[in-house]
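Breakdown of the fold
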Amino acid sequence: MKTLLKSFYFAVQGIAAAFQSERNFRIHVTAAIIVIAAGLFFNISLIEWIVILLLIGGMLALELVNTAIERIADAVSKEFHPLLKTAKDAAAGAVLVYAAVSVVIGFIIFAPKIIEVFL
């Protein structure tokens, strides 16, 4: 039980470190708060909540993985290395792809509700 609690502690430490040091992680957390508030305001359905929460969790998890890859690459070598650059760029690209898909899905969920309320 003690090792399990330590694992959770280390995981929370990793999230806190990313929040403190990574601007993009803070941007994603802010966006998540805004989307959750919008979901509450527009009273989205259970299925829509599930989709939104999966997108938010996936986005934050992917940003944490991206941060881990960047840190490992920086620890391995301070000098430019094309393979490390490719790894860092690919991780950032994965975040970009997921963010773009999340925005599209968010638009699909929220656009009809915004139109209904404001038009």
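Residues numbered from 1 in each chain as written. Predicted model: local features only at pLDDT ≥ 70, side-chain atom pairs only at ≥ 80, totals over all residues. Heavy atoms only, no water.

1. Considerations on the overall build of the protein
- Within the protein, the regular secondary structure consists of 4 helices and 0 strands.
- Starting at the N terminus and ending at the C terminus, the protein contains elements arranged as α-α-α-α.
- In terms of overall size, the protein is more extended than a compact globule, its C-alpha atoms giving a radius of gyration of 18 Å where 119 residues would be expected to give roughly 14 Å.
- When its C-alpha atoms are laid out on the principal axes, the protein stretches across 55 × 40 × 20 Å.
- Evaluated residue by residue, the protein yields a buried proportion of 25% over its 119 residues.
- Contacts in the protein between residues at least 24 apart in sequence constitute 68% of all its contacts with a sequence separation of at least 6. (Helix = DSSP H or I, 4+ residues; strand = E, 2+ residues; numbered from the N terminus. Rg over C-alpha atoms; globule rule 2.2 N^0.38 Å. Buried < 20%, exposed > 50% of the residue type's maximum accessible area, 1.4 Å probe, protein only. Contact = heavy atoms within 4.5 Å.)

2. Brief notes about the nonpolar core
- The biggest cluster of nonpolar side chains holds 8 residues, and these are Ala32, Ala38, Phe42, Ile44, Ile52, Ile56, Ile109 and Phe110.
- Mapped by element, the contributors of at least two residues to this core are helix H2 (23-42), helix H3 (46-76) and helix H4 (82-118). (Core = buried A, V, L, I, M, F, W, Y, C linked by side-chain atoms within 4.5 Å.)

3. With respect to the confidence of the model for the protein
- Counting all residues, the mean pLDDT for the protein is 96, and 100% of those residues have values of 70 or more.
- The secondary-structure element of the protein with the lowest mean pLDDT is helix H1 (residues 2-21), recorded at 95, while H2 shows the highest, at 98. (pLDDT = per-residue confidence, 0-100.)

4. Some details on the pattern of salt bridges
- The full count for this structure, using the stated rule, is 4 salt bridges.
- The salt bridge involving Glu22 is made with Arg71; its shortest N-O contact spans 2.7 Å. In this pair, Glu22 is assigned in the loop between H1 and H2 and Arg71 in helix H3, connecting sequence segments 49 residues apart.
- We note a salt bridge from Asp74 to Lys88, for which the minimum N-O separation is 2.7 Å. (Salt bridge = Lys/Arg side-chain N within 4 Å of Asp/Glu carboxyl O.)

5. Re the environment of Ala111
- Along the chain, Ala111 turns up in helix H4.
- Accessibility expressed as a relative area gives 11% for Ala111, which makes it buried.
- As for Ala111 and Ile52, which are separated by 59 residues in sequence, their C-alpha atoms are 14 Å apart.

6. Some points on the packing of aromatic side chains
- Scanning all chains against the criterion turns up 3 aromatic pairs.
- Centre to centre, the rings of Phe41 and Phe42 are 4.8 Å apart; their planes meet at 85 degrees, and the pair counts as edge-to-face.
- Judged by relative accessible area, Phe41 falls into the exposed class, the value being 56%.
- When the centroid spacing of 6.1 Å and the interplanar angle of 55 degrees are considered together, the rings of Phe42 and Phe110 count as tilted. Of the two residues, Phe42 is situated in helix H2 and Phe110 in helix H4; the sequence distance between them amounts to 68 residues. This pair shows no difference in class: Phe42 is buried, exactly as Phe110 is. (Phe/Tyr/Trp six-rings, centres within 6.5 Å; stacked < 30°, edge-to-face > 60°.)

7. Focus: the packing of H2 against H3
- Between H2 and H3, the least distance of the axes is 10 Å, while the angle of their chain directions is 175 degrees. Relative to H3, the element H2 lies roughly antiparallel. For the pair H2 and H3, contact is made by Asn24, Phe25, His28, Val29, Ala32, Val35, Ile36, Gly39 and Leu40 and by Trp49, Ile52, Ile56, Met59, Leu60, Glu63 and Leu64, respectively.
- Taken together, the residues of the contact of H2 with H3 sort by class into 12 nonpolar, 3 polar and 1 charged. (Axes fitted to C-alpha atoms, helices over the stretch in contact; angles between N-to-C directions. Parallel < 35°, antiparallel > 145°, perpendicular 65-115°, else oblique. Nonpolar A, V, L, I, M, F, W, Y, C, P; charged D, E, K, R; others polar.)

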